[in-house]
Amino acid sequence: MVENLVSSSQLVPLPQNKPRFPPKPVRRIDKPSSSYPNISPCICRELHYQCDPVSCPQARFCQPAYDALRKEERFQIYFDISVEELERTAGEGCSVCGVFNEGFQRHVEKFDVEGILGLKREEGEGGVEEREVFLRVPLGSNYRFSFDVGEEKKGEMRPSIGPLEFFKPQVSEWPNSCRVFESAGYVAPSTSSDHTFENIHHWIDTCRREHPMCPGLKLKPNELPSLLVDVGPHSDGADCKLRETRGKKGHYLTLSHCWGITKMFRTTTATLEARKSAISLEELSQTFRDAVLITRRLDFRYLWIDSLCIIQDDPKDWEAESAKMCSIYELSFLMISASHGSDGEAGCFVEMAEDQQSYEIPGIFGGDKSGISIRRLKGHRDFDGEGMYDHALFRRAWTFQERLLAPRIIHFTKNECVWECASAIWCECGSMSVVRPNIKLSTAVALLESKELTAQRLGTEWHWLVENYCSTDITRESDKLPALSGLAQAFSRANVLGKYIAGLWANDLPDGLLWMAGEDAMRPEQYRAPSWSWASLVSAGITYPSYKDEGWEERRNFRSIIKESSVRILEAKCDFPVGGTDVTGAVAGGHIVLLGLLVEVTLEIVDDEGVDLAGGDVEFSVSRDGMTEYVRLDDPFADELLETQTVHCLLVGRSWTDELCVLVLRREDDDVYKRVGHSVCNWQLGDGGGFEKEFFEDSQPCVIRII
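For every chain, the first residue of its written sequence is number 1, and the numbers climb from 1 along that sequence. Reporting of local features is limited, given that this is a predicted model, to residues whose pLDDT is at least 70; pairs of side-chain atoms are given and counted only at 80 or more, and all residues count toward the totals for whole chains, interfaces and linings. Excluding hydrogens and water, the side-chain values take into account all heavy atoms of the structure.

**Q** Account for helix α10 (residues 397-405), with residues named and values stated.
**A** Summarising burial for α10: 9 of the 9 residues are buried, a large majority. Using a 1.4 Å probe on the protein chains alone, a residue whose accessible area is under 20% of its type maximum counts as buried, one over 50% counts as exposed, and one in between counts as partly exposed. Strands are runs of DSSP state E lasting at least 2 residues, helices are runs of H or I lasting at least 4, and numbering of each runs from the N terminus. Buried residues of α10: Ala397, Trp398, Thr399, Phe400, Gln401, Glu402, Arg403, Leu404 and Leu405, and no others.

Here it is, written out as structure tokens:
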């Protein structure tokens, strides 16, 4: 079935790559051409920087702003155009101003009439003041237009309508000589539309033919998971069932979804046999029903869903199958991502609200069509690598590794469908044709090249994953390590990082020990990981210090944290639960034995007068012989640390900026310690030896165990 995924009639054009900066303009002319003898500069002239001045007369007036853009190496320069001016110049015959003016009037009339009228009228000391409306124009990108109300004031955000996108559909009457408006893809009102699935089929076909980095290029069958949902070669309304694969090979899809708080349809020991006979679509949640229909429409037979294909009340089956998460997602052909839904009733498909749909701006000067359409800008920050997520699925811990392990993903978002694979990110609207290195692409490259990378380089990639992973939400805190075990297995295959130890790697020590806990961190009541592991904390944003060579711009070229190590790792070991078989999953204990410099210091609250513990207004310092340094505690509200006491500082090493990296430890027994905090000392090391010589000068290397 999968050999004929796409017919030639189904192909739709892929979005064309747009330059990082606008292309260099063609030759400018200093005087009006004979074709346009009396043209004067229009208020929209700065938007014509990509137009040919021979065929577009306003192009010769926009050179100064374009030069400023190139000189400052900025992707966007914003400027404002008064809507009153737009109306005037549109009336004088400027077609570009006419499009913006008509688009504004139509959008306000259609969706924002009360809002814009309210925003325009501001109560002041002198009574009601009518505020002006401006078109905010980003020079360097033709997408993020907005209509802002009032004069811009420093440090204040103006009320705004937008961002809006003015664009040329793929078939447009707008003249090609004017490049103010660029082409963009059509987004259907529903992600269940035939048009959307034509795009998906085309993306699949393109990935198979043109992406050597993506696995499954020749569609070689892989070993199937133990249980799969057999959707059958049936019509949309037919039943499906569970099938035991018994080691067979084939192709299958996976589903990534939020469980939510609603009752999940699942397989148990009591329902397993019945599920093998038949599963009625009516029994399934909306998300599961949609996933079955998507699998059929993409011409695949098998689908893996966690709650159906893992026996939920069988601990042995759960542990065995969760340990296979890496291979289950990696060996699938494609993952269906129900990105927008927070539970099973949300479904995969979305019907766009009317104000999210595009509509064509009518003719400006008497014609039926202008050739330009308008819509609200589709948001894509879930895919830009900045760690800001608008969709529920991207904020969940378990789905974090699913996204990074799957070879291809179709995201059913609240705005459109988005494609992600190891080589590209595509969206239906076309605005992501310029690919920014996000976490999916970066991880794919790191894993592909992992055997050629150093432990330092691959360890830096792991630190970045941990930082992103720890910003997600998890329902059961005991799942902190199991929910990342698939990625750990993928990284371990390179045999570069050494043994995996409770979220850290043996060959990445001591760098891996230098994580920093967020302000809301706390230790759980139930043991989860050794104190030296970031996984030992609850609800913690974890960060690692980063140092890079001068002139290197990309994060992937960051150097190690430690330039000169002051410790020697003698042993690193974890203990696992009785019967546990997954060495990348939950742990029952662990320790690190090392040789290093250790000094006894006094820990105290800094200026404890008026300290608001409930509000988090508390700082700590360590002092010794009159020397003091601020420290950050992993759990600042632990009862045993809220009073002056003796702790120990372990010198881990010196960073590339000559800062001292120190762990704060509390003694538990003879030569046995627990981590309670860290410090990166800002004192530079001068000729006199500075902090290191003074603070640790009488310390002798000793062997300690950290648990």
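**Q** Residue-level account of the confidence of the model for the protein, with values.
**A** Looking at the protein, the pLDDT average stands at 78 and 76% of residues meet or exceed 70. For residues 549-556, every residue scores under 50 in pLDDT, and the model assigns this stretch 11 contacts once sequence neighbours within four places are set aside. Scored between 0 and 100, pLDDT is the confidence that the predictor attaches to each residue. We call two residues in contact whenever any of their non-hydrogen atoms come within 4.5 Å of each other. A low-confidence stretch, residues 610-617 (pLDDT under 50), is modelled with 10 contacts involving residues beyond four sequence positions or located in other chains.

**Q** Summarise the packing of α10 against helix α12 (residues 455-469); cite the residues concerned and give the values.
**A** Axis geometry follows a simple rule: fit a line to the C-alpha atoms, using only the stretch in contact for helices, then measure angles between N-to-C directions, giving values from 0 to 180 degrees. The interhelical angle for the contact between α10 and α12, taken along N-to-C directions, is 140 degrees, at an axis separation of 10 Å. Between α10 and α12, the angle is such that the two are oblique. Facing Ala397, Phe400 and Leu404 of α10, the residues of α12 in contact are Leu465, Asn468 and Tyr469. Any angle that falls under 35 degrees is termed roughly parallel, while one over 145 is termed roughly antiparallel, one within 65 to 115 roughly perpendicular, and all others oblique.

**Q** How would you explain helix α6 (residues 286-297) if you had to name every residue and give the values?
**A** The terminal C-alpha atoms of α6 lie 16 Å apart, and with 12 residues this matches the ideal 16 Å at 1.5 Å per residue to within 8%. With respect to burial, α6 is a largely interior element, 10 of its 12 residues being buried. Those residues of α6 that sit buried are Thr287, Phe288, Arg289, Asp290, Ala291, Val292, Leu293, Ile294, Thr295 and Arg296. The inward-facing, buried residues of α6 abut α4 (194-210), β11 (253-256), β12 (302-304), α7 (306-309), β13 (334-337) and β16 (408-412). Positive backbone phi, at 65 degrees, marks Asp299, one or two positions downstream of α6. Here the expected length of a helix is defined as 1.5 Å per residue gap, with one fewer gap than residues.

**Q** Kindly report on the pairing of strand β33 (residues 702-706), identifying the contributing residues and their values.
**A** Pairing between two strands requires that DSSP report at least two bridges joining them. Where strand β27 (residues 589-605) and β33 come together, 5 bridges link them in antiparallel fashion. Considered in β33, the bridge of Gly596 is made with Cys702.

**Q** With reference to specific residues and values, describe the environment of Ser342.
**A** Inspection of the secondary structure assignment puts Ser342 in the loop between β13 and β14 (359-362). A sequence separation of 80 residues divides Ser342 from Thr262, and the C-alpha atoms of the two residues are 9.7 Å apart. Residues within four places of Ser342 in sequence aside, it is in contact with Cys258, Trp259, Gly260 and Ala392.

**Q** Help me get a handle on the packing of α10 against helix α13 (residues 485-492), residues and values and all.
**A** Between α10 and α13, the shortest axis-to-axis distance is 8 Å and the interhelical angle comes to 35 degrees. Contacts from Phe400, Gln401, Leu404 and Leu405 of α10 reach α13 at Ser485, Gly486, Leu487 and Ala490. In this classification, the charged set is Asp, Glu, Lys and Arg, the nonpolar set is Ala, Val, Leu, Ile, Met, Phe, Trp, Tyr, Cys and Pro, and all remaining amino acids, among them Gly, are polar. When its residues are assigned to classes, the contact of α10 with α13 shows 5 nonpolar, 3 polar and no charged.

**Q** Describe the state of the cysteines, and please don't skip the residues or the numbers.
**A** To count as a disulfide, a pair of cysteine sulfur atoms needs to be within 2.5 Å. Counted by the stated rule, this structure contains 0 disulfides. Summary of cysteine pairing: Cys178 is not part of a disulfide, and the nearest cysteine sulfur, belonging to Cys51, is at 4.3 Å. We classify Cys178 as buried; its relative accessible area is 7%. With no disulfide partner, Cys214 has as its closest neighbouring cysteine sulfur the one in Cys207, 3.6 Å distant.

**Q** Any chance you could break down the pairing of β16 for me, citing the residues and the numbers?
**A** Burial runs high along β16: 5 of the 5 residues are buried. Here β16 shows a buried face lined by Arg408, Ile410 and Phe412 and a second buried face lined by Ile409 and His411. As judged from the 5 bridges shared by β16 and strand β17 (residues 417-421), these two strands associate in the antiparallel manner. Counterpart to Ile409 in the pairing with β17 is Glu420. Remark: 4 residues form the turn of the hairpin made by β16 and β17, two consecutive strands paired antiparallel.

**Q** With reference to specific residues and values, describe the environment of Leu298.
**A** Here Leu298 shows up in the loop between α6 and β12. Residues Leu298 and Ile200 lie 98 residues apart in sequence; the distance between their C-alpha atoms is 8.4 Å.

**Q** Break down the side chain of Arg375 for me, with residues and values.
**A** Considering the arrangement of structural elements, one finds Arg375 in strand β15 (residues 369-376). For Arg375, a relative accessible area of 2% gives the class buried. Among the polar contacts listed, one links the side chain of Arg375 to the backbone oxygen of Gly185, at a separation of 3.0 Å. Those residues within four positions of Arg375 in sequence are excluded, and the remaining contacts are Leu164, Glu165, Phe167, Ala184, Gly185, Tyr186, Val187, Gln357, Ser358 and Cys429. Here a polar contact is recorded for every N or O atom pair within 3.5 Å, except that within protein the pair must consist of a potential hydrogen donor and a potential acceptor, and residues adjacent in sequence are included only if both atoms are side-chain atoms.

**Q** Tell me about the environment of Gly518, and name the residues and values.
**A** Inspection of the secondary structure puts Gly518 in the loop between β21 (516-517) and β22 (542-543). Note on Gly518: relative accessible area 16%, which makes it buried.

**Q** Help me get a handle on the packing of aromatic side chains, residues and values and all.
**A** Side-chain rings of Phe, Tyr and Trp (the six-membered ring for Trp) are treated as a pair once their centres are within 6.5 Å; stacked means planes under 30 degrees apart, edge-to-face means over 60, and tilted covers the remaining angles. As enumerated under the stated definition, the model contains 18 aromatic pairs in all. An aromatic cluster of at least three residues, connected via ring pairs, comprises Phe100, Phe166, Trp174 and Phe181. A positively charged side chain is recorded as over a ring if its NZ (Lys) or CZ (Arg) lies within 6 Å of the ring centre. The angle to the ring normal must also be within 35 degrees. Residue placement shows Arg297 over the ring face of Phe197; its charged tip is 3.8 Å from the ring centre. Seen from the ring of Trp318, Arg476 lies directly overhead, with NZ or CZ sitting 6.0 Å from the centre.

**Q** Could you give me a rundown of unusual backbone geometry, with the residues and numbers involved?
**A** With an omega dihedral of 10 degrees, the bond running from Leu509 to Pro510 counts as a cis peptide bond. Topologically, Pro510 is positioned in the loop between β20 (504-505) and β21. Here the phi dihedral of Asp299 falls at roughly 65 degrees; this positive angle occurs in a residue that is not glycine. Mapped onto the elements, Asp299 comes out in the loop between α6 and β12. With a phi angle near 55 degrees, Ala502 is a residue other than glycine that sits in the positive phi range.

**Q** Explain the sheet that holds strand β18 (residues 425-427) to me, and be specific about the residues and the numbers.
**A** The strand order β9-β8-β12-β11-β13-β16-β17-β18 describes an open sheet built from 8 strands, whose pairing is mixed. One side of each edge strand has no neighbouring strand; the edge strands of this open sheet are β9 (241-244) and β18. Direction aside, neighbouring strands of the sheet carry axes that sit 30 degrees apart on average. Here β13 pairs with β16 via 3 bridges, running parallel. What sits directly across from Ile336, in β16, is Ile410. With respect to the sheet, α4 is in contact with β13, β16, β17 and β18, its orientation differing from that of β17 by roughly 10 degrees.

**Q** Go over the nonpolar core, please, and point to the residues and values.
**A** In terms of nonpolar packing, the biggest core is built from 118 residues, with Leu303, Ile336, Phe412, Trp462, Trp534 and Leu650 touching the most fellow members. Ranked by the residues each element gives to this core, the list is headed by α12, at 6 residues. In contact with Trp534, other than residues within four places in its own chain, are Val466, Tyr469, Cys470, Lys480, Leu481, Leu484, Gly503, Leu504, Trp515, Ile542 and Tyr544. Residues Cys56, Ile81, Val108 and Phe166 belong to the second largest nonpolar core, which totals 34 residues. Each nonpolar core is a collection of buried residues, namely Ala, Val, Leu, Ile, Met, Phe, Trp, Tyr and Cys, held together in the definition by side-chain atoms within 4.5 Å.

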